[in-house]
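Given next are the chains, with one letter for each unit.
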Amino acid sequence: MTSKRTVQFLKYTIVIIGCLVMVLPFVWMISTSLKDRGATMVMPPEFIPHNPSLDNYKQVIEKFPMLTFMKNSIIVSMITTIGTIVISSMAAYAFARMEFKGRNTLFLIYLSTMMIPSQVIMIPQFILLKNLGWIDTYQGLILPNLFGVFGVFLMRQAFLAIPKELEEAAFMDGANHWTVFFKVDLPLVKPTIATLFIFTFMQSWNNYLWPLIVTSSREMATLPLGLSLLQGRWSTNWNLVMAGVVISVIPILAVYLFAQKYFIQGMTMSGMKE
């Protein structure tokens, strides 16, 4: 009994230490956003500011077009996320349930493209968008990111976990693939859809490199690009930077909390069956 209690104590200790290590940067970020500029350089650092204030948030919103950056990020992230879910779900259903020649080979070829770094195809994508006249537009920010291999793989695994008997019963009642897809399969994979929603939204929201390449004006800049404007050339007001970072984290936190109850269940479903 003593040995078991010791092991359990060590497990809880490791978990608590791990949680503290992960939470500490967020606590420091919020603390710094509530300080004035001088308090950010105090040694030793103060985790709890003596005179907390929301002036940094007011300055960030007044001096920089943060609302414009936020609007662009919301539009790009939501459309990209919803479009990715729709396209990935339809492609995954075809690979999982529709019989056609070369299906498995085609899926393996498609899956192998995950090994290609995204930086390799950015220049060809940029040239294509320039020829289409989509530079510094929402189309240029959204369309190249709608087709993700990870989403197709995740949704395919979820569809494979659904018993075929349910679909066969629907086919016997006169349903076609569209009916089975929308009314039978999609309601059963809601947890996986929620998981894909979180992953895609976070990736799109935090994307910095592609918006940096494809946009050239502040009016089309997303929030990660806007945050880079808070960093000065010779010095940086870290209190303002952290205030902007806190603003950028709030939507991600809201999306995660909204879909939290489906997240773990979706990750479990996606790996149940090959």
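As a starting point, this report considers the structure included with it. All figures in this text were calculated on a predicted structure; none of them were measured in a lab.

### Some details on the packing of helix H8 (residues 164-172) against helix H9 (residues 177-188)
Then, number 1: Direction vectors running N to C along H8 and H9 enclose 145°, while the axes themselves pass 10 Å from each other. You can see that H8 and H9 cross each other, and the crossing is right-handed. Contacts from Leu166, Glu167, Ala170 and Phe171 of H8 reach H9 at His177, Val180, Val184, Asp185 and Leu188.
Then, number 2: Among the residues forming the contact of H8 with H9, the class breakdown is 6 nonpolar, 1 polar and 2 charged.

### Notes on the packing of aromatic side chains
Then, number 1: The final tally for this structure, using the stated rule, is 11 aromatic pairs.
Then, number 2: Look at Phe197 and Phe201: their rings are 6.2 Å apart centre to centre, the planes differ by 5°, and that puts the pair in the stacked class. Of this pair, Phe197 and Phe201 both sit in helix H10 (residues 190-206), 4 residues apart, roughly one helical turn.
Then, number 3: The class of Phe201 is buried, set by a relative accessible area of 3%.
Then, number 4: Through a chain of ring-to-ring contacts, three or more aromatic side chains come together here, namely Tyr93, Phe159, Trp178, Phe181 and Phe182.
Then, number 5: Sitting over the ring of Phe107, Arg156 keeps its end group 4.2 Å from the ring centre.

### Comments concerning the nonpolar core
Then, number 1: Val60, Met66, Trp205 and Leu223 are the most contacted members of the largest nonpolar core, which totals 25 residues.
Then, number 2: Elements that contribute at least two residues to this core include exactly helix H2 (55-63), helix H3 (66-97), H10, helix H12 (223-228) and helix H13 (238-269).
Then, number 3: Here this core gets 9 residues from one element, more than from any other, and that element is H13.
Then, number 4: Residues in contact with Val60, not counting those within four places in the same chain, are Met66, Leu240, Ala243, Gly244 and Ile247.
Then, number 5: If you look at the next biggest cluster of nonpolar residues, it comprises 21 residues, including Phe95, Leu154, Ala175 and Val189.

### Digging into the packing of helix H7 (residues 149-160) against H10
Then, number 1: Running from N to C, H7 and H10 point in directions that differ by 165°, and their axes come no closer than 10 Å. Accordingly, the angle class assigned to the pair H7 and H10 is roughly antiparallel. Classified by chirality, the crossing of H10 by H7 is right-handed. Within the contact between the two elements, H7 uses Phe150, Gly151, Leu154, Met155 and Ala158 and H10 uses Thr192, Ile193, Thr195, Leu196 and Phe199.
Then, number 2: Of the residues belonging to the contact of H7 with H10, the class tally is 7 nonpolar, 3 polar and no charged.

### Some details on the side chain of Thr222
Then, number 1: Looking at the secondary structure, you find Thr222 in the loop between helix H11 (209-214) and H12.
Then, number 2: In contact with Thr222, not counting residues within four places along its chain, are Phe69, Asn72, Ser73, Leu141, Asn207 and Pro211.

### Observations regarding a nonpolar patch on the surface
Then, number 1: Together, Met22, Val23, Leu24, Val27, Phe47 and Ile48 make up an exposed nonpolar region whose accessible area comes to about 600 Å².
Then, number 2: The class for Ile48 is exposed, based on a relative accessible area of 70%.

### A few points about the pattern of salt bridges
Then, number 1: Tallied over the entire structure, the rule returns 2 salt bridges.
Then, number 2: A salt bridge links Glu167 to Arg97, with the nearest nitrogen and oxygen atoms 2.8 Å apart. Placement of Glu167 in helix H8 and of Arg97 in helix H3 is noted, with a sequence separation of 70 residues between them. Residue Glu167 shares its accessibility class with Arg97, and that shared class is buried.
Then, number 3: Glu99 is paired through a salt bridge with Arg103; the nearest N and O atoms lie 3.7 Å apart.

### So, the environment of Ser204
Then, number 1: Residue position: Ser204 is located in helix H10.
Then, number 2: With relative accessibility at 16%, the residue Ser204 sits in the buried group.
Then, number 3: As a C-alpha pair, Ser204 and Thr80 span 124 residues in sequence and 7.2 Å in three-dimensional space.

### What about the environment of Ala91?
Then, number 1: For Ala91, the position within the fold is in helix H3.
Then, number 2: Its relative accessible area of 25% is what places Ala91 among the partly exposed residues.
Then, number 3: Here the alpha-carbon distance between Ala91 and Ile142, two residues 51 residues apart in the chain, equals 19 Å.

Parameters and conventions
- Residues numbered from 1 in each chain as written.
- Predicted model: local features only at pLDDT ≥ 70, side-chain atom pairs only at ≥ 80, totals over all residues.
- Heavy atoms only, no water.
- Axes fitted to C-alpha atoms, helices over the stretch in contact; angles between N-to-C directions.
- Helix = DSSP H or I, 4+ residues; strand = E, 2+ residues; numbered from the N terminus.
- Left-handed = near helix turned anticlockwise from the far one by under 90°.
- Contact = heavy atoms within 4.5 Å.
- Nonpolar A, V, L, I, M, F, W, Y, C, P; charged D, E, K, R; others polar.
- Phe/Tyr/Trp six-rings, centres within 6.5 Å; stacked < 30°, edge-to-face > 60°.
- Buried < 20%, exposed > 50% of the residue type's maximum accessible area, 1.4 Å probe, protein only.
- Lys NZ or Arg CZ within 6 Å of the ring centre and 35° of its normal.
- Core = buried A, V, L, I, M, F, W, Y, C linked by side-chain atoms within 4.5 Å.
- Parallel < 35°, antiparallel > 145°, perpendicular 65-115°, else oblique.
- Patch = residues over 30% accessible without salt bridge, like charges linked within 9 Å, V, L, I, M, F, W, Y side chains within 5 Å.
- Areas by Shrake-Rupley, 256 points an atom, 1.4 Å probe, with all protein chains shown as cover.
- Salt bridge = Lys/Arg side-chain N within 4 Å of Asp/Glu carboxyl O.

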